[in-house]
Amino acid sequence: MTIRRITEELKARQSSDGSWDFPFETGTSTDAYMIILLRTLEINDEDLIRELTQRLLSRQEKNGAWKLYYDEGDGNLTATVEAYYALLYSTYYSTSDPQMRAAKKFIVKNGGIQKSHMFTKIMLALTGQYQWPAFFPIPVELILLPLSFPIHFYDISVFGRANLAPIMILATKKYSKKTKYSPDLSHLFTSRSSDFYSNEELRKLKTIADYMEKAVKYLIGLPFQLRQSAIERTKQYMLTHIEPDGTLNSYFSATFLMIFALLSLGSRKDAPLITKAIDGLKRMRCTIKGHTHMQYTTANVWNTSLISFAMQSAGISPSDPAIQKANRYLLEKQHIKFGDWAIRNSGVMPGGWGFSDINTFNPDVDDTTASLRALSATVQSATIRESWNRGVSWSLSMQNRDGGWPAFEKNIDKKIWNLLPIEGNKFLISDASSADLTGRTLEFLGNYTNLPKKHRIVKNGTNWLLTNQRKDGTWYGRWGICYIYGTWAAMTGLLAAGMNPEEKHIQKALHWLKHIQNEDGGWGESCHSDHKNQYIPLGASNITQTSWALDSLIAAEAKPSREINFGIDYLLQKYDQKDWTDDYPVGQGMGGAFYIHYHSYRYIFPLISLTNYVKKYKNQ
């Protein structure tokens, strides 16, 4: 009954182009930054500004703070600074309003504006609220270093490059822009110091600054000429990575920063590049519970591939119109352009898929294997076979030298970048092998291709997972929360790769999952897990993480155990519950700063786990 209900609701929610455009919800930062951007450029889109202020206020806690997730504690200082600034800049609220007084009190109590994250300080600096530091740890000249050099611009992940390229220009120019609307945030400083870096950050900076200085000295030429050449090349990097909708790599933060970088280089605020970028950002708006939210990007390809696959697994025929429409959409979104991934993966033709409806040159392994799963039942078609072969070849080619799989690019994991004084820099800079990407890729190869289980690629992937299993039996998942997510992907991947369920690595993971099951039969993990580097229980269950845990148990156990049946009962009984757990973010972009609530997950993963339960145990 629940399976049929979910599939029928998903059919009803499919868009006319065949995709599913469930919201990609990422807290309040993008809402705040959009207000700040519009006011700074004096674009008086009052309807949008008012709508965004209303959403910000709807997310404020009683103590005046804003949070990244429900159980974060009293609140998040950085998110509160951003929301407070945006509300003041909107001009619809003043420091005397009760909500603003409460927010100010929280900020001051927790160390003031100078304790906010570096990216927030950069935004404050370029809008005239903070002093730029004397130097930025990544000099713009880095972009001039050749790929053969021990350290270079392309050692940074593509996500990091998209954000850091405009910052490198802005930090060099020390650009700042204020307007008649600009508020005065000086009352948020708790001391006269407006240092950009803490003492601990400065200690780390000395090491990396010395390293960078030596690297840049490798370049031959006059300092001024080198700097101008570096700025121009960085500008060209941005311009060549603009998507058709005008956004930089389809990312809100990168586009926001690019707009200011272009202004710092002399562009008028009404220049075509800037107006198109703003229009692109505006097209990312969505509505959540009656409020306008600026999405960080769109998640249409990811949603569509997962939903199409889940529906087919649940018995919807590949010839059903909904699946046919979804397939046509996915085939149209397969990439034919070379992107930055080709720098470390030369000789391979494009064939991947991106995450967003907007992506045309920035594919990732997860979306590619997800799209291929959705297309797998129709692969006998000549048209789909050609796309299938390109997608599989691209996915195989993306394996790292250590045997695991990254998200966007191969072999991006240089340890020197860990010294950067950027919160969550490992998430921004690195694109290392991860358990979730490696596990799901192995699951795809094992269950949907003819690649032999003894093939070198499968063996290397399996060995990476076994080597990176933690002592408690878990794996850390990079793109979800966190140990339940990684353990689910790793277990299903190892089993699909031919591992015996009785093998000790699987049994150890099984024992852990059973041990953390909640008294109500469900599972729940806190976002605290990612930055504390250990499993932290949520203190409640939610249906998505319960589905991940259940799917792991079902894949490994020949008969329905007590824990499995208990978990299935939880899903069936709680599927319609509406409380804070339904909105809890179970995806992450940057640990400690950027969490994601996928509105599609409450349909996708219960549907998959319930279907797998019925298929495996229906005759038992």
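Structural notes, computed from the coordinates. Everything numeric here is computed off the predicted structure, so don't read it as measured data.

Thresholds, definitions, all that
- Residues numbered from 1 in each chain as written.
- Predicted model: local features only at pLDDT ≥ 70, side-chain atom pairs only at ≥ 80, totals over all residues.
- Heavy atoms only, no water.
- Helix = DSSP H or I, 4+ residues; strand = E, 2+ residues; numbered from the N terminus.
- Expected span 1.5 Å × (residues − 1).
- Contact = heavy atoms within 4.5 Å.
- Polar contact = N/O pair within 3.5 Å; in protein donor to acceptor, adjacent residues only side chain to side chain.
- Buried < 20%, exposed > 50% of the residue type's maximum accessible area, 1.4 Å probe, protein only.
- Pairing = 2+ DSSP bridges.
- Phe/Tyr/Trp six-rings, centres within 6.5 Å; stacked < 30°, edge-to-face > 60°.
- Lys NZ or Arg CZ within 6 Å of the ring centre and 35° of its normal.

**A few points about helix α20 (residues 504–515)**
(1) Moving on: Between its first and last C-alpha, α20 extends 16 Å over 12 residues, near the 16 Å set by a 1.5 Å rise per residue.
(2) Moving on: Among the structural elements, α18 (456–467), α19 (483–496), β4 (523–525) and α22 (543–556) are those in contact with the buried residues of α20.

**Overview of the environment of Gly 75**
(1) Moving on: Relative to the helices and strands, Gly 75 resides in the loop between α3 (46–58) and α4 (77–90).
(2) Moving on: Measuring from C-alpha to C-alpha, the distance between Gly 75 and Ser 264 comes to 34 Å, with 189 residues separating the pair along the chain.
(3) Moving on: Other than its neighbours up to four places away in sequence, Gly 75 contacts Ala 65, Trp 66, Lys 67 and Phe 106.

**Notes on the side chain of Thr 127**
(1) Moving on: Considering the arrangement of structural elements, one finds Thr 127 in the loop between α6 (118–126) and α7 (158–173).
(2) Moving on: In this structure the side chain of Thr 127 is engaged in a polar contact, spanning 2.8 Å, whose partner is the backbone oxygen of Met 123.
(3) Moving on: When neighbours within four sequence positions are excluded, Thr 127 is seen to be in contact with Ile 36, Thr 40, Tyr 85, Ser 176, Lys 177, Lys 178 and Phe 260.

**Remarks on the pairing of strand β7 (residues 594–598)**
(1) Moving on: Across the five residues of β7, five count as buried, placing the element largely inside the fold.
(2) Moving on: Residues Phe 594, Ile 596 and Tyr 598 of β7 are buried on one face, and the alternating residues Tyr 595 and His 597, pointing to the opposite face, are buried as well.
(3) Moving on: Pairing of strand β1 (residues 24–25) with β7 involves two bridges; the strand directions are antiparallel. Within β7, the residue paired with Phe 24 across the bridge is Tyr 598.

**Quick notes on the sheet that holds β1**
(1) Moving on: A sheet is described by the order of its strands in space; here three strands give the open sequence β1-β7-β6, paired in antiparallel fashion. Strand pairing shows two members of the sheet lacking a second neighbour, β1 and β6 (587–590), which therefore form its edges.
(2) Moving on: Alignment of β6 against β7, held across three bridges, turns out to be antiparallel. Looking at the pairing, Met 590 lines up with Phe 594 of β7.

**A short note on the packing of aromatic side chains**
(1) Moving on: Taken as a whole and assessed by the stated rule, the structure comprises 37 aromatic pairs.
(2) Moving on: Aromatic side chains Phe 22 and Tyr 603 sit 5.3 Å apart centroid to centroid with 40 degrees between the ring planes, which places their arrangement in the tilted category. Within this pair, whereas Phe 22 is found in the loop between α1 (2–13) and β1, its partner Tyr 603 is found in helix α24 (residues 601–617), the two being separated by 581 residues in sequence. Across this residue pair, the class does not change: Phe 22 and Tyr 603 are buried.
(3) Moving on: Centroid distance Tyr 601 to Phe 605: 4.8 Å. Interplanar angle 90 degrees. Geometry classified as edge-to-face. With Tyr 601 and Phe 605 both in helix α24, this residue pair falls four residues apart, about one helical turn.
(4) Moving on: Look at Phe 605 and you get buried, because its relative accessible area is 6%.
(5) Moving on: A cation over a ring is seen here: Arg 39 above Tyr 181, with NZ or CZ 4.9 Å from the ring centre.
(6) Moving on: Over the ring of Tyr 603 we find Arg 602; its NZ or CZ atom is 5.7 Å from the centre of that ring.

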